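Residues per chain are reported as follows:
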2 protein chains.
Amino acid sequence: MAATTHLTPLVHPERDEMTVEAVLRALADPVRLAIVRQLARSEAEVSCGGLEVPVTKSTLTHHLGILRAAGVIAGRQDGTTRFNSLRRNDLDELFPGLLDGVLAARR
Amino acid sequence: MAATTHLTPLVHPERDEMTVEAVLRALADPVRLAIVRQLARSEAEVSCGGLEVPVTKSTLTHHLGILRAAGVIAGRQDGTTRFNSLRRNDLDELFPGLLDGVLAARR
DNA sequence: GTCGTAGTTCGATGGCGACCGTACACGGCG
DNA sequence: CGCCGTGTACGGTCGCCATCGAACTACGAC
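Quick caveat: nothing in here was measured; it's all calculated off a predicted structure. (Residues numbered from 1 in each chain as written. Chains lettered and ligands numbered in written order. Predicted model: local features only at pLDDT ≥ 70, side-chain atom pairs only at ≥ 80, totals over all residues. Heavy atoms only, no water.)

**Examining the pattern of salt bridges**
Residue and element names in this part refer to chain A.
Consideration 1: Considering all chains together, one arrives at 10 salt bridges over all chains under this definition.
Consideration 2: A salt bridge links Glu93 to Arg15; the nearest nitrogen and oxygen atoms lie 3.8 Å apart. Pair noted here: Glu93 is in helix α4 (residues 88-94) and Arg15 is in the segment before α1 (20-27), with a separation of 78 residues, a long-range link.
Consideration 3: Residue Arg15 is classed as partly exposed on the basis of its relative accessible area of 33%.
Consideration 4: Three or more residues joined by partner-sharing salt bridges are found here, namely Arg15, Arg87, Asp90 and Glu93. (Salt bridge = Lys/Arg side-chain N within 4 Å of Asp/Glu carboxyl O. Helix = DSSP H or I, 4+ residues; strand = E, 2+ residues; numbered from the N terminus. Buried < 20%, exposed > 50% of the residue type's maximum accessible area, 1.4 Å probe, protein only.)

Right, dumping it as structure tokens:
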């Protein structure tokens, strides 16, 4: 009983639960910004291992959690791999131009 | 000689010295976000004392310094009062849509 | 000159968050 | 079954930053 899978149920905020503050705080870190840029570049989903970041796996998990909690990315579980994607639609709806402005920045 | 005025010469970054990271970090604080919103609302310049923020003067100085160093605001000295304004043009040029997206957020 | 007002600078403190290593839970494959 | 490979959870450390109070400078008015 209780299907012992205590893998976090992977909860994401609804649109109206997202705040610009949380999004800005999520984007205001070089590692997380790199993650967002990679997700934006490759239009498809990217597994955690497919992300190139200069931190260990546990730290990566930490960053992905923050991005997910802010509503910046969505995660989908498939077997043992977790696929991540940008929540472009929701971000553009709530904060039109914000994501594009960030991505437009020269590296 | 040396015109003893050691009031900080109020240096601002040029456009090509501004980074999206610094801007995001500057915006990712509730107090600073409130400052930016107030500057955006009142199209004119606002003195430090005219800003409504829930912190002491010294902390306000600290926040204005960060916003200025990131290139988000400009400061102009006039007597003992310091007038602040949003660098809309520069921000829109470098990160088109970013500022508008932030300001579009529901409070 | 003497206030009062506007804002900065300095030093100290407290809390949050980025980071790591280790241990653990799953799922797939032999 | 045992073993990898993927990723999470936990505990701990360390550094940065938001915050404050107090002392200070600068300007204007009286």
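**Some words on the sheet that holds strand β1 (residues 46-47) of chain A**
All names here are of chain A.
Consideration 1: Strands sit in the order β1-β3-β2 across an open sheet of three strands; the sheet is antiparallel. Of all the strands in the sheet, the pair left with one neighbour each is β1 and β2 (73-78).
Consideration 2: Both β2 and strand β3 (residues 81-86) contribute to a ladder of six bridges, which runs antiparallel. Along β3, the bridge assignment pairs Ala74 with Ser85.
Consideration 3: Packed onto the sheet, helix α2 (residues 30-41) meets β1, β2 and β3 and runs at close to 85° relative to β3. (Pairing = 2+ DSSP bridges. Contact = heavy atoms within 4.5 Å. Axes fitted to C-alpha atoms, helices over the stretch in contact; angles between N-to-C directions.)

**Focus: the relation of the copies chain A and chain B**
Note: a rotation about an axis with an accompanying shift along it relates these two copies of the chain.
Consideration 1: Its rotation angle being 180°, the transformation that places chain A on chain B also includes 0.0 Å of axial translation and leaves an RMSD of 0.0 Å. Both chain copies can therefore be described as sitting about a two-fold axis. (Least-squares fit on C-alpha atoms with pLDDT ≥ 70 in both.)

**Details of the confidence of the model for chain A**
In low-pLDDT segments, the atomic positions of the prediction should not be examined closely.
Consideration 1: The predicted model of chain A averages 92 in pLDDT, with 93% of residues at 70 or higher.
Consideration 2: Low confidence marks residues 1-6 of chain A, where pLDDT is under 50. Its contacts with residues over four positions away, or in another chain, come to zero contacts. (pLDDT = per-residue confidence, 0-100.)

**Here's the deal with the interface of chain A and chain B**
Consideration 1: Across the boundary between the two partners, chain A contributes 22 residues, which contact 22 residues of chain B.
Consideration 2: Taking both partners together, chain A and chain B bury about 1700 Å²; carbon and sulfur atoms supply 66% of that area.
Consideration 3: Joining chain A to chain B, the criterion identifies zero salt bridges.
Consideration 4: Counting the contacts that link chain A with chain B gives six residue pairs in polar contact (both at pLDDT 80 or more).
Consideration 5: Only α1, α2 and α5 (98-104) of chain A provide two or more residues apiece to the side of chain A that touches chain B.
Consideration 6: Residues belonging to the side of chain A that touches chain B are distributed by class as follows: 14 nonpolar, two polar and six charged. (Buried area = accessible area lost by both parts, 1.4 Å probe. Polar contact = N/O pair within 3.5 Å; in protein donor to acceptor, adjacent residues only side chain to side chain. Nonpolar A, V, L, I, M, F, W, Y, C, P; charged D, E, K, R; others polar.)

**Concerning helix α3 (residues 57-70) of chain A**
Residue and element names in this part refer to chain A.
Consideration 1: Between the first and last C-alpha of α3 there are 20 Å, a value that for 14 residues agrees with the 20 Å anticipated at 1.5 Å per step.
Consideration 2: Considered for burial, the residues of α3 that qualify are Leu60, His63, Leu64, Leu67, Arg68 and Ala70. Seen along its axis, α3 keeps its buried residues to an arc of 165°; they face one direction. Of the exposed residues in α3, the ones pointing more than 90 degrees away from its buried face are Ser58, Thr61 and Ala69.
Consideration 3: Against α1, α2, β2 and β3 lie the buried residues of α3. (Expected span 1.5 Å × (residues − 1). Arc of directions from axis to C-beta.)

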